[in-house]
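Coordinate inspection notes
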Amino acid sequence: LTAMSLVFSLIRLNPAPFCLLDEVDAPLDDSNTVRFCDLVRTMSDHTQFIFISHNKITMELARQLVGVTMAEPGVSRVVAVDMEEALRMRDEKAVA
């Protein structure tokens, strides 16, 4: 939390065009993950965040998800989901 606080303080002081975060939420419990997500959401008005995460709470924050899956050994496949489009499709299916 201390390291993330320093990084976010520096970005808030001098906004960067983007910030890449690699599993910074991994050691956090759920309540601190929610705080982290709230901070990213607030700061994303000025900075684009690209983050690597396996945390479900953090992934729900994303507008675009990109993942790599291996359905069969040795064959990787990139999977991308536009969250707004996925929610729109879900709502259309619920109405039908």
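Reference entry: report on the structure contained in this document. If you're wondering where the values come from, they're calculated on a predicted model, not measured in any experiment.

This part covers the packing of helix H1 (residues 2-13) against helix H2 (residues 30-43). Axis separation between H1 and H2 bottoms out at 12 Å; the angle between their running directions is 15 degrees. Taken together, the axes of H1 and H2 lie roughly parallel to each other. Relative to H2, the crossing made by H1 is left-handed. The segment H1 lies against H2, with Met 4, Phe 8, Ile 11 and Arg 12 engaging Phe 36, Leu 39, Val 40, Thr 42 and Met 43. Residue composition of the contact of H1 with H2, grouped by class: seven nonpolar, one polar and one charged.

Between its terminal C-alpha atoms H1 stretches 16 Å, which fits the 16 Å expected from 12 residues at 1.5 Å a residue. Among the residues of H1, Met 4, Phe 8 and Ile 11 are the ones counted as buried. An end-on view of H1 places all buried positions within 60 degrees of arc, on one side of the element. Exposed residues lying more than 90 degrees from the buried face of H1 are Thr 2, Ala 3, Leu 6, Leu 10 and Leu 13. The secondary structure elements touched by the buried residues of H1 are strand S1 (18-22), H2 and strand S2 (48-52).

What counts and what doesn't
Residues numbered from 1 in each chain as written. Predicted model: local features only at pLDDT ≥ 70, side-chain atom pairs only at ≥ 80, totals over all residues. Heavy atoms only, no water. Axes fitted to C-alpha atoms, helices over the stretch in contact; angles between N-to-C directions. Helix = DSSP H or I, 4+ residues; strand = E, 2+ residues; numbered from the N terminus. Parallel < 35°, antiparallel > 145°, perpendicular 65-115°, else oblique. Left-handed = near helix turned anticlockwise from the far one by under 90°. Contact = heavy atoms within 4.5 Å. Nonpolar A, V, L, I, M, F, W, Y, C, P; charged D, E, K, R; others polar. Expected span 1.5 Å × (residues − 1). Buried < 20%, exposed > 50% of the residue type's maximum accessible area, 1.4 Å probe, protein only. Arc of directions from axis to C-beta.

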